[in-house]
Amino acid sequence: MQVNVTRKDYKFLPDPSRVIARFLYTSDERSKDIINNVLAMTDNEASIALSQVLRGYARRHRNISVIFERHFHKLDNLFNDLGIKQSDIIKSKQALIGSFFTKEYSIESAAFFNPSVVEDPDQSELGPDEKRLIFSFRATGEGHISSIVFRSAVIDKYSNLIIEPVGKMLAEADRIKRHIYHKNSFIKRLDEMRDFDNNISPVFVLEKLGDSFTYGELKRAIEVTRKTHQLSQNKEKIIQQMMWLAKSHYEIDFSIDSAISERVIFPISECERNGIEDARFVKFTYDNGEVSYFATYTAYDGVTILPRLLETKDFYHFKALSIHGDIARNKGMALFPRKIKNKFAMLCRIDGVSNYIAYSDEINIWHEAKIIQTPKFSWELIQVGNCGSPIETKEGWLVITHGVGPMREYVLGASLYELDDPEKEIGRLKTPLLSPNAEEREGYVPNVVYSCGSIIHNGNLIIPYAMSDYSATYASVDLSELLEELKNSK
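Residues numbered from 1 in each chain as written. Predicted model: local features only at pLDDT ≥ 70, side-chain atom pairs only at ≥ 80, totals over all residues. Heavy atoms only, no water.

Chemist: Please clarify how a nonpolar patch on the surface should be interpreted in this entry.
Modeler: Residues Leu-13, Tyr-444 and Tyr-470 make up a contiguous nonpolar surface patch of about 330 Å² in total accessible area. Its place among the elements puts Tyr-444 in the loop between strand S24 (425-428) and strand S25 (449-450). (Patch = residues over 30% accessible without salt bridge, like charges linked within 9 Å, V, L, I, M, F, W, Y side chains within 5 Å. Areas by Shrake-Rupley, 256 points an atom, 1.4 Å probe, with all protein chains shown as cover. Salt bridge = Lys/Arg side-chain N within 4 Å of Asp/Glu carboxyl O. Helix = DSSP H or I, 4+ residues; strand = E, 2+ residues; numbered from the N terminus.)

Chemist: I would appreciate a short explanation of the pattern of salt bridges in the present structure.
Modeler: As a working rule, side chains carrying opposite charge can pair if their charged atoms are close by. Following the criterion strictly, the structure yields 28 salt bridges and no others. Of the charged contacts, one joins Lys-168 and Asp-15 as a salt bridge, the two residues approaching to 2.8 Å between their closest N and O atoms. Of this pair, Lys-168 sits in the loop between strand S7 (161-163) and strand S8 (175-178) while Asp-15 is found in the loop between strand S1 (5-7) and strand S2 (19-23), placing the two residues 153 residues apart along the sequence. Residue classification places Lys-168 among the partly exposed residues on the basis of a relative accessible area of 45%. (Buried < 20%, exposed > 50% of the residue type's maximum accessible area, 1.4 Å probe, protein only.)

Chemist: Can you walk me through the sheet that holds strand S12 (residues 275-285) in this structure?
Modeler: Across a sheet, paired strands are connected by hydrogen bonds in the backbone, their directions being either parallel or antiparallel. Ordered in space as S8-S11-S15-S14-S13-S12, the six strands form an open sheet in which the pairing is antiparallel. Only two strands of the sheet have a single neighbouring strand rather than two, namely S8 and S12. Neighbour-to-neighbour, the strand axes of this sheet turn through a mean angle of 20°, independent of strand direction. Two strands pair when backbone bridges link them, and S12 and strand S13 (residues 291-300) are joined in this way by nine bridges, in the antiparallel orientation. Each residue of the ladder has a partner; that of Val-282, found in S13, is Phe-294. Most of the contacts of helix H9 (residues 233-248) go to strand S15 (residues 317-322), to which it runs at about 160°, and overall it touches S8, strand S11 (250-253), strand S14 (305-312) and S15. (Pairing = 2+ DSSP bridges. Axes fitted to C-alpha atoms, helices over the stretch in contact; angles between N-to-C directions. Contact = heavy atoms within 4.5 Å.)

Chemist: Could you clarify how one ought to interpret the pairing of strand S17 (residues 344-348) in this entry?
Modeler: Side-chain positions along a regular strand alternate between the two faces of the sheet. Here S17 lies mainly inside the structure; five of its five residues are buried. Burial along S17 is two-sided: Phe-344, Met-346 and Cys-348 facing one way and Ala-345 and Leu-347 facing the other are all buried. With two bridges connecting them, strand S16 (residues 334-335) and S17 associate as antiparallel partners. Across the sheet, Ala-334 pairs through a bridge with Leu-347, a residue of S17. Looking at chain direction, S17 and strand S18 (residues 355-360) are connected through five bridges and run antiparallel. Bridge pairing links Ala-345 to Tyr-359 in S18. The hairpin turn running from S17 into S18, its antiparallel successor, is six residues long, and Gly-352 in that turn takes a positive phi close to 75°.

Encoded structure:
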């Protein structure tokens, strides 16, 4: 029997007018020329030029003058070369110089897709059978650089969405805080990451540091080491991994007066400079009842993909962590919403083909995985993977899957696993739950429907999904009907 899926009319579409102000840099010589030309202006000329810039852009960005000043201070090395103290320059010229090193970036000009959904921490002021939701999306702009963006909505008893007004004053995080590392745990993480000679110790660098240190302190210690030592190839590899690890952990804060639709998590660390992709958000409940929201995502540096982890409690403050271990590779890691037998549990696709499950005592260290699902039907023979975190139901763990079949068509499927032992499959749909229809199959990447996370509301499964890597929509499925079909599918 084919499970009935109700497609909804609402579309989440890319909007090229949604822009952020990014730092722009070309070369040292051109930059020095720009600085000298602005400094050669009279104070009145600089004030008039700045007023013209602010008139054109102040309504497009929150605190654009603050952004200009921030970008001005990123040029401190150039001012040192020129023998000029930044503090000696009047504020209007500081901001004007900063404006020449700023550009607008349209975060979703190319695509707005691969959504996930979780319950909003704030469930106040709602009517009967209503729930406030937070949707995350992969927004892609110029150069195919992806970031994470959000939408807030209220879903009613009939599974209809009321989308809250989308803010236009987009902003990246107000504050970026680098992680403080402790030497012993840092060495342990390096050992877990290392894929070469384990006999070479990183102490030749770390001995220059105290028991705790920051990325900047590690960077200076490495610079000293390179000047005073002739380093082997393996020692250079260790240094590269130390730098990568130290850059990978950070915390960000968004302004408390920003709407959630205005918060943009844009690539920050080196390992994600070419994109933050396919965040799978999940509401995680600890054994003591404490709640955190986690998202597994894929970091792309232009060559390598790496799984990473975000954590937040309020969607204002986020921690970013690297994921380590033997199975920390490939895309599509999805965290279970609670511990199983006192361990964190994760779905993953370490071979790029099949679904695996892994367990760990620590949320960002994963060493072993067991295969639980291989391609079986024609519509998934190329690969099968998850479409977000497992959903707990009274009948078992519901996993929405994606399958890739002939003509590289992506479809959605569904599987059900035992609650106490999610390695044991109860049932699996023999036909796709959702396939791209005539409208959904046209887009940036044709013939694709894809999701990064669903939610249950009022007896229905709500599935937000992308349409051919361009835009997104959502559908609802009667949960009891789906579960019954899964239980009878063996």
